[in-house]
Amino acid sequence: MSEMQKVKLNIVAQLTSLCAHCTSKSGAPHRCPVREISARVESLRGVPLMVNNEFRGVLFARLT
């Protein structure tokens, strides 16, 4: 697993903890804005920026 994937999984886990319904895993249907944001984070694509073998971020291509 790449560093970028690890960072994205960490962010998604933190976002999921913001929703009481998702945290309790009650299974009750609800409209979750946190889930929408998590889906956007998971869909991020880019080139990892590595400096001295350390992950420093992601370079995104600008689509115009």
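Residues numbered from 1 in each chain as written. Predicted model: local features only at pLDDT ≥ 70, side-chain atom pairs only at ≥ 80, totals over all residues. Heavy atoms only, no water.

Visitor: Tell me about a nonpolar patch on the surface, and please be specific about residues and values.
Guide: On the surface, a cluster of nonpolar side chains totalling about 320 Å² of accessible area is made up of V47, L49, V51 and L59. With three residues, the single largest contributor to the nonpolar patch is strand β1 (residues 47-51). Within the secondary structure layout, V47 lies in strand β1. Note on V47: relative accessible area 52%, which makes it exposed. (Patch = residues over 30% accessible without salt bridge, like charges linked within 9 Å, V, L, I, M, F, W, Y side chains within 5 Å. Areas by Shrake-Rupley, 256 points an atom, 1.4 Å probe, with all protein chains shown as cover. Salt bridge = Lys/Arg side-chain N within 4 Å of Asp/Glu carboxyl O. Helix = DSSP H or I, 4+ residues; strand = E, 2+ residues; numbered from the N terminus. Buried < 20%, exposed > 50% of the residue type's maximum accessible area, 1.4 Å probe, protein only.)

Visitor: Now, about the environment of G57: what can you tell me, with residues and values included?
Guide: Residue position: G57 is located in strand β2 (residues 54-59). Taking the relative accessible area as the measure of exposure, G57 reaches 17% and is therefore buried. G57 sits 10 residues away from V47 along the chain, and the two C-alpha atoms are 8.6 Å apart.

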